[in-house]
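A structural walkthrough
Chain residues, written in single-letter form:
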Number of protein chains: 2
Amino acid sequence: MIDEFALQCPIPLDNNPTIQMGHGGGGRMTRELIERIFVPVFANEALAPLHDGAILPPLGGRLAFTTDSFVVRPMFFRGGDVGTLAINGTVNDLAMCGARPLYLSAGFILEEGLPIRDLWRVVRSMGEAARAADVRVVTGDTKVVDKGHGDGIFINTAGGGVVETPLTIGPLSVRAGDAIVLNGDIGRHGIAVMAEREGLQFESEIASDCAPLSAPVQALLHASIEVHCLRDLTRGGLTSALVEIGETAQLPFRVQEEAVPVRDEVRGACEILGLEPFSVANEGRFVAFVPSAQAETTRATLGGDAAVIGRVESLGPDPPFVRVETSLGTTRLLDLPSGEQLPRIC
Amino acid sequence: MIDEFALQCPIPLDNNPTIQMGHGGGGRMTRELIERIFVPVFANEALAPLHDGAILPPLGGRLAFTTDSFVVRPMFFRGGDVGTLAINGTVNDLAMCGARPLYLSAGFILEEGLPIRDLWRVVRSMGEAARAADVRVVTGDTKVVDKGHGDGIFINTAGGGVVETPLTIGPLSVRAGDAIVLNGDIGRHGIAVMAEREGLQFESEIASDCAPLSAPVQALLHASIEVHCLRDLTRGGLTSALVEIGETAQLPFRVQEEAVPVRDEVRGACEILGLEPFSVANEGRFVAFVPSAQAETTRATLGGDAAVIGRVESLGPDPPFVRVETSLGTTRLLDLPSGEQLPRIC
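Per-chain numbering applies: the sequence of each chain, read as written, is numbered from 1 onward. Each chain takes a letter, starting from A, and each ligand takes a number, starting from 1, following the order in which they are written. This being a predicted model, a pLDDT of at least 70 is required before a residue's local features are given, and a value of 80 or more before pairs of side-chain atoms are given or counted; all residues contribute to the totals for chains, interfaces and linings.

1. Some remarks on the overall build of chain A
Here a strand is any run of E in DSSP of at least two residues, a helix any run of H or I of at least four, and the numbering for each starts at the N terminus. Secondary structure summary: chain A contains nine helices and 14 strands in total. Relative to the globule expectation of 20 Å for 346 residues, the C-alpha radius of gyration of chain A, 21 Å, shows essentially globular dimensions. Once the C-alpha set of chain A is aligned to its principal axes, its extents read approximately 65 × 50 × 30 Å. Field definition: a residue is buried when 20 or more other C-beta atoms are found within 10 Å of its C-beta, exposed when 12 or fewer are, and partly exposed for counts in between, with C-beta atoms placed from the backbone. Relative to its full complement of 346 residues, chain A shows a buried share of 57%. By the convention adopted here, residues are in contact when the distance between their C-beta atoms, placed from the backbone, does not exceed 7 Å. Within chain A, counting contacts between residues at least 6 apart in sequence, those at least 24 apart form 86% of the total. Put simply, the radius of gyration uses C-alpha atoms, and a globule should come to 2.2 Å times the residue count raised to 0.38.

What follows is the structure in structure tokens.
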């Protein structure tokens, strides 16, 4: 699958082919990694001075700031790798704040013995994902831990963006009557990683939905949608997103199960694996809470498989439950999983 | 040494006393960690909404942005712990950009089986260090990796600050004739960690110099010092800082060995361990490159053991070496270590 020639790893593979402790020592070997791998891939003016940090021009609005670490296992899977996730995950957290993502930091914790070829492949994915999301990696750090005290590559990215909208986007802005709009089919990222980890073969290949969400969110804002809340569906999937927003907003939600797009192959894989599609991780999916009058414009602006999946109810005598109406006419309640359904999924 | 009562770990120690995979799953257990440990310690308005990121007011100047991961082993040592380092390390990188540090993110990668008591102790240290440095931890993330694929606690912090000075502070602003001023004695952090790791006892106890450097840097700027370059002495110590700045600036430096403060107990420990004090890590030390006419004001503003340790020469026919004049009248050249002298020192 991999075009080895195109990889063109700039550190000769017959010379120091694996990461050694010295690559994290802050000396010549660290400098070699930075100058041969990180700087060429992330090439930009802010990174070039190689100072202790990046100095960036003043922002024209409020600052959005977020962070995420990525420990997915295995580090390569269908539709992406830990590098793709590390860029898109943080881009998406900024997008969910209503911010236009601008700058990322990248902190690598590498395990001694990691093939430098793998690092190169991941960093190259990060470069491609950053260009696709129109963000720049402007500062970074590399540490190496001894073999058996890490797991290949852990990446932390933090991100800064500018909030240009005057809206206050967050769970506390959700109102009774809001429509809940989902931007596409759910469950593919979690199933793609599980398939890779367990060596499973499904009839159709399922690829991660990993993608940057800044462009669709900016499209909603430019279409004058009065966005109340945004949340990407990562760990814990649609279930966690809805339950957490409901608890913070102290409002009950009602969702139509049939309205939530799930591909047949994902549904089939979930049945085999004993998983519930609503709780499986995604990396390119989000819900938007918008006034019901703008539900259809929101759906049309997002396009593709986007769907209006439910609404926010008024708070009655009951706690703010999330109710799912099934195609059989029954109702079930969503709740956060107590523990870990799919460890190390992102 | 630890006042167990004062720790008051808010998760009962007879119930889930160690970190489990579920603490990283994004469900109830993750939420418990966030609500019982992180939010109370880092308490601030930006963190409170528990959204995907923090929304912060517009900055009155350029944005400084930096990141660092911390993998020090052991995680507790005399004078600090991985949490103290994680706050001060990133505060100091911002300070070295001439920025006033404002906001930090905190990304935790925890190993399954970590005693929650240890996490609580580290987070509490972070809270104290953040208050001492006058910065706020406004956003965070927690991942858990399975036992044997991590090492207790890895922490990434990224930081944002505002650059209020019009100066361009960095290696490219260094000029021939500049004085090099050091803010205190060197080598204590590296020796303190090595002593803890190796179970060494020295005659006098050596504690890490870990400290925030934002206040001394702001003091220099408020004293109208025309600061050309700042660099904190972390991995690779004074040696790496000087060699890297010299290479980037393409200028030679001359340093008087006798002018560099090294405590007797550090010198003794270095002799026993076969280390060179100039290359040992620090976490509260930095060099400032300033016009020679302001060298004495710089030294006096920094106070304590601060010392003028050398000067920047004009570029002659030779490469931009860093020359150290010893008390014996001889001269030696500094160079970056090729590999790793002291692994996992920060």
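2. Brief notes about the relation of the copies chain A and chain B
Here the copies were fitted onto each other by least squares, based on C-alpha atoms from residues at pLDDT of at least 70 in both. Note on the copies: chain A fits chain B at an RMSD of 0.0 Å, the axial shift is 0.0 Å, and the rotation between them is 180°. These values place the two chain copies in the arrangement generated by a two-fold rotation axis. No C-alpha of chain A lies nearer the rotation axis than that of A:Gly150, which sits 2.2 Å from it. Interface residue correspondence from chain A to chain B reaches 100%, placing this contact among same-surface, isologous pairings.

3. Some details on the environment of A:Val324
All names here are of chain A. Tracing the chain through its elements places Val324 in strand β13 (residues 322-325). Overall, the presence of 22 C-beta atoms within 10 Å leaves Val324 in the buried class. With 269 residues separating them in the primary sequence, Val324 and Ile55 have C-alpha atoms 48 Å apart. Setting aside its immediate chain neighbours within four residues, Val324 contacts Val255, Glu257, Thr331, Arg332 and Leu334.

4. Topic: the interface of chain A and chain B
Taken together, the 71 residues of chain A in the interface contact 71 residues of chain B. Residue classes in the side of chain A that touches chain B are distributed as 29 nonpolar, 28 polar and 14 charged. Two strands are said to pair when DSSP picks up at least two bridges between them. The pairing of strand β1 (residues 54-56) of chain A with strand β2 (residues 62-70) of chain B spans three bridges and is antiparallel. Residue A:Leu56 lies in a different strand from β2(B), and its bridge partner there is B:Leu63. By the convention adopted, Pro, Cys, Tyr, Trp, Phe, Met, Ile, Leu, Val and Ala count as nonpolar, Lys, Arg, Asp and Glu as charged, and the other residues, Gly among them, as polar.

5. Quick notes on the environment of B:Ala176
All names here are of chain B. With respect to the helices, strands and loops of the structure, Ala176 is situated in the loop between β7 (153-163) and β8 (179-182). Between the C-alpha atoms of Ala176 and Val262, which are 86 residues apart in sequence, the distance is 27 Å. With near-sequence residues (within four places) excluded, Ala176 lies in contact with Leu251, Val312, Glu313 and Ser314.

6. Comments concerning the packing of helix α3 (residues 82-96) of chain B against helix α4 (residues 116-133) of chain B
Residues and elements named next belong to chain B. Two elements in contact, α3 and α4, have axes whose closest approach is 7 Å; the angle formed by their N-to-C orientations is 30°. It follows from the interaxial angle that α3 and α4 lie roughly parallel. Between α3 and α4 lies a crossing of right-handed hand. Between α3 and α4, the residues in contact are Val82, Gly83, Thr84, Ala86, Ile87, Asn88 and Val91 and Val122, Val123, Ser125, Met126, Ala129, Ala130 and Ala133, respectively. Here the residues of the contact of α3 with α4 sort into 10 nonpolar, four polar and no charged. Note on geometry: axes are C-alpha line fits, over the in-contact stretch for helices, and angles between N-to-C directions span 0 to 180 degrees. Roughly parallel refers to an angle under 35 degrees, roughly antiparallel to one over 145, roughly perpendicular to one between 65 and 115, and oblique to any angle outside these ranges. For any helix crossing, the convention is left-handed if the near helix is rotated counterclockwise from the far helix by under a right angle, and right-handed if that rotation is clockwise.

7. Section: the nonpolar core
In plain words, the nonpolar core is the set of buried Ala, Val, Leu, Ile, Met, Phe, Trp, Tyr and Cys residues that C-beta atoms within 7 Å link up. Counting 216 residues, the largest nonpolar core has A:Leu119, A:Ile153, B:Leu119 and B:Ile153 as the members making the most contacts within it. Filtering out sequence-adjacent residues up to four positions away, B:Leu119 remains in contact with B:Ile19, B:Ile37, B:Leu110, B:Leu114 and B:Ile153.

8. Some points on the sheet that holds strand β5 (residues 100-111) of chain B
The strand order β1(A)-β2(B)-β7(B)-β5(B)-β6(B) describes an open sheet built from five strands, whose pairing is mixed. Every other strand in the sheet has two partners, leaving β1 of chain A together with β6 (136-145) of chain B as the edge strands with one partner each. Along the sheet, successive strands turn relative to each other by an average axial angle of 15°, direction set aside. The strands touched by α3(B) are β2, β5 and β7 of chain B; relative to β7(B), the strand with the most contacts, the crossing angle is about 30°. Where α4(B) meets the sheet, its contacts fall on β5, β6 and β7 of chain B, and the angle it forms with β5(B) comes to roughly 175°.

9. Description of the pairing of strand β2 (residues 62-70) of chain A
Residues and elements named next belong to chain A. Summarising burial for β2: nine of the nine residues are buried, a large majority. Note that β2 and strand β7 (residues 153-163) share nine bridges and pair antiparallel. From the neighbouring strand, Phe65 faces β7, where its bridge partner is Gly160.

10. Here we look at the confidence of the model for chain A
Residues and elements named next belong to chain A. Model confidence for chain A is summarised by a mean pLDDT of 92, while 95% of its residues fall at 70 or above. Looking at any residue, its pLDDT shows the predictor's confidence there, from 0 to 100. Ignoring residues within four places in sequence, the model shows residues 1-7, a span with pLDDT below 50, making four contacts including any to other chains. Scored as a whole, the predicted complex attains pTM 0.94, and scored at its interfaces, ipTM 0.94.

11. Re unusual backbone geometry
The peptide bond linking A:Arg73 to A:Pro74 adopts the cis configuration, its omega dihedral lying at 0°. Its location among the elements puts A:Pro74 in the loop between β2 and β3 (76-77). In the Ramachandran plot, A:Ser224 falls in the positive-phi region, its phi being about 60° despite a non-glycine side chain. Mapped onto the fold, A:Ser224 is located in the loop between α6 (214-222) and β9 (229-232). Residue classification places A:Ser224 among the exposed positions, given that 9 C-beta atoms sit within 10 Å. Positioned with a positive phi, B:Gln250 is a non-glycine residue whose angle comes to about 55°.

12. What to know about helix α5 (residues 188-198) of chain B
What sets the pattern is the α-helix's 3.6 residues per turn: residues three or four places apart point alike. Residue and element names in this part refer to chain B. If you check which residues of α5 are buried, you get Arg188, His189, Gly190, Ile191, Ala192, Val193 and Met194. In this fold, the buried residues of α5 make contact with β3 (76-77) and α8 (264-273). At the C-terminal side of α5, Gly199 shows a positive phi close to 65°.

13. Section: the packing of helix α2 (residues 28-42) of chain A against helix α4 (residues 116-133) of chain A
Residue and element names in this part refer to chain A. Where α2 contacts α4, the axes come no closer than 9 Å and their chain directions differ by 15°. Judged by the angle between their axes, α2 and α4 are roughly parallel. Pair α2 / α4 crosses with right-handed handedness. Residues Ile37, Phe38, Val41 and Phe42 of α2 touch α4, and the partners they reach there are Leu119, Trp120, Val123, Arg124, Gly127 and Ala130. Looking at side-chain class alone, the contact of α2 with α4 contains eight nonpolar, one polar and one charged residues.

14. Comments concerning the sheet that holds strand β10 (residues 253-256) of chain B
Sheets are built from strands that pair by backbone hydrogen bonding, the pairs being arranged parallel or antiparallel. Residues and elements named next belong to chain B. Strand order in the open sheet formed by seven strands is β9-β11-β8-β12-β10-β13-β14, with mixed pairing between adjacent strands. The open sheet has two free edges, formed respectively by β9 (229-232) and β14 (331-334), since each of these has just one partner strand. Between one strand axis and the next, the sheet turns by 25° as a mean value, whatever way the strands run. Pairing of β8 with strand β12 (residues 307-312) involves four bridges; the strand directions are antiparallel.

15. With respect to the domain arrangement of chain A
Interfaces are often sized by the amount of accessible area the parts lose when they come together. Residues and elements named next belong to chain A. Domain start and end points were adopted from an automatic or database domain assignment. Entries for chain A in the domain assignment read domain 1 (4-163) and domain 2 (171-334). Here the C-alpha centroids of domain 1 and domain 2 sit 29 Å apart. Taken together, the contact pairs 20 residues of domain 1 with 22 residues of domain 2. Residue assignment for the side of domain 1 that touches domain 2 shows that the elements contributing at least two residues are α3 (82-96), β5 (100-111) and α4.

16. A few points about helix α7 (residues 237-249) of chain A
Residue and element names in this part refer to chain A. Residue count minus one, scaled by 1.5 Å, sets the expected span of a helix. An ideal rise of 1.5 Å per residue puts 18 Å on 13 residues; α7 measures up with 18 Å between its terminal C-alpha atoms. Extensive coverage of α7 is indicated by the burial of 11 of its 13 residues. Listing the buried residues of α7 in full gives Gly237, Leu238, Thr239, Ser240, Ala241, Leu242, Val243, Glu244, Ile245, Gly246 and Ala249. Phi turns positive one or two residues past the end of α7, at Gln250, with a value near 55°.

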